[in-house]
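# Examining the three-dimensional arrangement
Read off the chains here:
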Amino acid sequence: MGDAPLLAVEGLCVEFRSRRGAARVLNGVDLSVKPGETLGIVGESGSGKSMTALAILRLVPSPPGRISGGRVLFAGEDLVTASDSRIRDVRGNKISMIFQEPMTSLNPVFTVGAQICETLGRHTGLKGRPARERAIALLQDVGIPAPAQRFDAYPHQLSGGMRQRVMIAMAIACEPALLIADEPTTALDVTVQAQIFDLLREIQARRGMAMILITHDMGVIAEIADRVAVMYGGRVVEEGTTRDVLDRPVHPYTRGLIACIPDIRDDTDARAPLSEIPGLVPSVWDLQRGCPFADRCSEVLPQCRAEMPLHRLVDGRKAACWQRAGGEA
Amino acid sequence: MSAMSDAAPLPPVVSPLREAFGIFLRRPTALIGLVMLTAIVACALAGPILLDVDPFDIVAAPLTPPGTSEAWLGSDQQGRDVLTSLIHGGRATLAVGAVAAAIAVSIGITMGALAGYFGGAVDDVLMRIAEFFQVLPALLFAMVVATLFSPSLVVISLAIGVVSWPPTARLTRAEFLKLRELDFVAAERVIGASTGRILWKVILPNAMPPLIVSATFAIGSAILFEASLSFLGLGDPNRMSWGLMIGSGRSYMLTCWWAVTFPGLMIFMTVLAISLIGDGLNDALNPKLRER
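On a predicted model such as this, the values are computed, not experimentally measured, just so you know.

Cut-offs and rules
- Residues numbered from 1 in each chain as written.
- Chains lettered and ligands numbered in written order.
- Predicted model: local features only at pLDDT ≥ 70, side-chain atom pairs only at ≥ 80, totals over all residues.
- Helix = DSSP H or I, 4+ residues; strand = E, 2+ residues; numbered from the N terminus.
- Buried ≥ 20, exposed ≤ 12 C-beta atoms within 10 Å, placed from the backbone.
- Contact = placed C-beta atoms within 7 Å.
- Rg over C-alpha atoms; globule rule 2.2 N^0.38 Å.
- Pairing = 2+ DSSP bridges.
- Core = buried A, V, L, I, M, F, W, Y, C linked by C-beta atoms within 7 Å.
- Nonpolar A, V, L, I, M, F, W, Y, C, P; charged D, E, K, R; others polar.
- Axes fitted to C-alpha atoms, helices over the stretch in contact; angles between N-to-C directions.
- Expected span 1.5 Å × (residues − 1).
- Bend = angle between axes of the 7 residues up to and from the residue.

## Remarks on the overall build of chain B
Along the backbone of chain B there are twelve helices and zero strands. Along chain B, helices and strands appear, N-terminal first, in the series α-α-α-α-α-α-α-α-α-α-α-α. The principal-axis extents of the C-alpha atoms in chain B amount to approximately 80 × 50 × 30 Å. Going through the 292 residues of chain B one by one, you find that 43% of them count as buried. For chain B, long-range pairs separated by at least 24 residues make up 69% of all intrachain contacts whose partners lie at least 6 apart in sequence.

## Some points on the overall build of chain A
Helices and strands together make up the secondary structure of chain A, namely twelve helices and twelve strands. Radius of gyration (C-alpha) of chain A: 21 Å, near the 20 Å computed for a compact globule of 329 residues. In terms of overall dimensions, chain A has C-alpha extents of about 65 × 55 × 45 Å along its principal axes. Per-residue burial for chain A yields a buried fraction of 45% across its 329 residues. Across chain A, the fraction of contacts at a sequence separation of at least 24, relative to all contacts at a separation of at least 6, is 62%.

## Things to note about the environment of Glu 202 of chain A
Residue and element names in this part refer to chain A. Summarising the element assignment, Glu 202 is placed in helix H7 (residues 190-207). Among the residues examined, Glu 202 registers 13 C-beta atoms within 10 Å and is labelled partly exposed. Counting along the chain gives 36 residues from Glu 202 to Glu 238, while the straight-line C-alpha distance between them is 28 Å.

## What to know about the sheet that holds strand E2 (residues 21-33) of chain A
Residue and element names in this part refer to chain A. Taken in spatial order, the four strands of this open sheet run E2-E1-E4-E5, and their pairing is antiparallel. Taken across any chain shown, the strands that pair with only one partner, and hence form the sheet edges, are E2 and strand E5 (77-78). Two elements, strand E1 (residues 7-18) and E2, share ten bridges in a ladder whose sense is antiparallel. Residue pairing across strands places Ser 18 opposite Gly 21, the latter belonging to E2.

## Notes on the nonpolar core
Within the largest apolar cluster, 168 residues are counted, with the highest numbers of intra-cluster contacts made by Ala 169, Leu 178, Ile 212 and Val 230 of chain A. If sequence neighbours within four positions are ignored, Leu 178 of chain A has contacts with Leu 6, Leu 7, Val 33, Ile 95, Met 209, Ala 210 and Ile 212 of chain A.

## A closer look at helix H9 (residues 183-190) of chain B
Counting buried positions along H9 of chain B yields six of eight residues, so the element is predominantly enclosed. Among the residues of H9 of chain B, Phe 184, Val 185, Ala 187, Glu 188, Arg 189 and Val 190 of chain B are the ones counted as buried. On its buried face, H9 of chain B is in contact with strand E6 (95-98) of chain A together with helix H8 (166-179) and helix H10 (195-231) of chain B. At the C-terminal side of H9 of chain B, Gly 192 of chain B shows a positive phi close to 90 degrees.

## Some details on the interface of chain B and chain A
Each partner contributes residues to the interface: chain B has 21 residues there, and chain A has 35 residues. Listed by contribution, the elements that provide at least two residues to the side of chain B that touches chain A are helix H1 (2-7), H9 and H10 of chain B. Top contributing element to the side of chain B that touches chain A by residue count: H9 of chain B, with five residues. Counted by class, the side of chain B that touches chain A contains 13 nonpolar, five polar and three charged residues.

## Quick look at the sheet that holds strand E8 (residues 210-214) of chain A
Residues and elements named next belong to chain A. Read across the sheet, eight strands follow the order E6-E7-E8-E3-E9-E10-E12-E11 without closing on themselves; strand pairing throughout is mixed. The open sheet terminates on both sides in strands that have one partner only, identified here as E6 and strand E11 (312-314). Strand-to-strand, the axes of this sheet are offset by a mean angle of 20 degrees, without reference to chain direction. As paired strands, strand E3 (residues 38-42) and strand E9 (residues 227-232) are joined by four bridges and run parallel to one another. Bridge pairing links Ile 41 to Ala 229 in E9. Sitting on the sheet, helix H10 (residues 252-259) touches E3, E9 and strand E10 (235-241), and the angle it makes with E9 is about 105 degrees.

## Some details on H10 of chain B
Along an α-helix, residues three or four apart share an orientation, since each turn contains 3.6 residues. Residue and element names in this part refer to chain B. Between its first and last C-alpha atoms H10 spans 46 Å; for 37 residues at 1.5 Å apiece the expected length is 54 Å, and the helix comes up short by more than 12%. The largest bend along H10 measures about 55 degrees and falls at Leu 204, with the proline Pro 205 one to four residues further on. Directly after H10, the chain includes Gly 233, whose backbone phi takes a positive value near 80 degrees.

## Details of the pairing of E9 of chain A
Successive residues of a regular strand alternate their side chains across the two faces of the sheet. Residue and element names in this part refer to chain A. Of all the six residues making up E9, six are buried; the element is thus mostly covered by neighbouring parts of the structure. Residues of E9 alternate between two faces, with Arg 227, Ala 229 and Met 231 on one and Val 228, Val 230 and Tyr 232 on the opposite face, all of them buried. By the bridge criterion, six bridges tie E9 to E10 in an arrangement that is antiparallel. Looking at E10, one finds that Tyr 232 is bridged to Arg 235. The hairpin turn running from E9 into E10, its antiparallel successor, is two residues long, and Gly 233 in that turn takes a positive phi close to 55 degrees.

## Details of the environment of Ile 40 of chain B
All names here are of chain B. By secondary structure assignment, the location of Ile 40 is in helix H3 (residues 28-50). In this structure the C-alpha to C-alpha distance between Ile 40 and Ile 109, which are 69 residues apart in sequence, comes to 28 Å. Aside from chain neighbours lying at most four places away, what touches Ile 40 is Gly 90, Met 269, Thr 270 and Ala 273.

The structure is reproduced here in structure tokens:
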């Protein structure tokens with residue numbers, strides 16, 4: 001695992017301006033993805049998972065948002081400072097992304113085939129018959145039955161699972177080195193979810209593509225991710241191999257998240273109350289100087305409210321917590 | 001649900017456009033409008049070729065009533081044949097209507113799309129310009145333009161087009177404001193589309209249904225506008241048009257009713273036909289009005 005990272009995010013900050021001042025939604029995010037690896041990003045709503053994905057491709061809605069600091073190094077090139085035409089060349093070609101909502105992510109007035117061909121034409125120059133054949137092959141790859149017929153279908157004629165498959169076909173059309181999947185199955189049935197994840201894993205294995213999988217489902221992470229980054233309050237609070245983080249979580253927030261997963265095999269008659277983390281994600285307006293999790297943390301120290309904890313190597317993974325830092329540092 | 005439909009037999013693929021066309025053809029009123037307009041356009045296009053006579057030629061005694069062999073629909077106060085004038089005049093009227101509407105819709109779509117997509121300062125500036133043209137008395141402005149420049153068909157079309165784009169711009173702006181937030185626009189950005197492509201090839205096709213309907217009505221109102229200008233004597237005096245016929249015959253209206261009634265009827269039928277088509281298109285293209 002000593003090879004250079006494909007993507008390295010360093011100290012990424014994103015701010016949104018408004019009348020109430022600037023709101024920091026990302027506050028120094030550090031991540032790295034090696035070629036062919038799957039990185040899971042977990043966290044509650046509002047922790048900055050999706051914003052991180054958008055910021056990597058420089059798609060933060062602007063104005064009012066902007067990337068206010070940090071670097072996104074993709075194969076050694078900083079995407080934050082790249083030219084507009086350069087970033088358009090990366091999008092969909094080197095780095096692709098699929099969204100949560102397959103129902104609305106396809107243009108309703110064009111056939112799915114035309115939309116796949118459009119992507120192919122833009123980045124590979126493939127047009128006409130060869131593009132059509134390639135698109136049909138892609139539809140076949142993502143497990144769509146009768147792909148030649150489906151090529152001429154309009155999005156509204158396909159089910160949600162089918163549409164997400166089409167989105168995946170578009171995303172992998174140009175053989176990207178990195179695929180960002182932002183909660184790709186949230187809008188789908190549980191049975192279809194499993195199919196989509198199987199498909200993503202299979203495609204990834206076949207093409208040696210790296211993947212960033214954003215989810216709030218720890219079960220999915222356990223199944224698919226090689227490494228996991230836990231986000232909270234616009235920061236990565238813990239990052240390490242999936243096994244390390246899930247088996248021996250270090251950060252109190254990670255432990256809380258894992259405790260929240262109900263066990264369906266728990267067949268005790270007396271139902272234990274579901275576990276929860278008290279409180280809410282702090283508002284982006286009042287990020288204090290200290291640890292953003294301090295107000296909800298059961299092991300809070302005086303130091304936590306005064307100073308932002310730094311990332312330290314704890315038990316083989318990076319974590320940002322004063323409680324754990326003591327022994328190591 | 002997905003697992004079910006995955007296995008279900010494939011439904012035939014019908015393009016949305018063909019579907020809308022089918023709905024359009026099932027409306028009797030829309031069909032009547034389409035037949036009427038087709039007949040009128042065919043007359044205006046083919047008539048002057050088949051009937052190669054100058055409409056300004058004197059063919060009968062002035063004020064000949066309809067029903068004579070020299071002039072089936074009568075002659076006007078200068079002895080010009082009303083039927084010939086009607087056929088030739090249709091060309092100018094329809095051409096001005098179509099060109100003026102095309103100008104209005106092009107300006108309107110461009111301004112509205114830029115204002116709606118970019119928002120902020122761009123929106124403010126473009127919408128203030130639109131408001132300026134909206135509060136401008138349109139007929140007065142067109143009259144001034146027609147008086148300042150020689151009133152050729154091109155100048156008149158431009159004058160009408162320039163004063164009638166704001167409603168289209170507002171409609172386009174509203175559509176773009178709504179559509180720019182949708183996921184497929186974001187998805188298009190993700191695969192590396194340029195702003196130009198997103199504006200014209202991604203959002204605009206989705207905004208077309210209401211714009212097609214509004215463009216249809218724009219043709220109707222441009223025809224009426226042209227007729228008003230000609231009636232006031234500000235049209236092109238060297239090109240026969242329905243408005244010109246009514247304008248020049250208006251002093252003889254009581255003794256020579258046929259010289260103003262027939263062109264008036266033609267204008268009425270043309271605008272009615274266009275309105276019927278517009279209504280039919282609205283039913284066919286607006287999913288909220290669709291009954292299945």
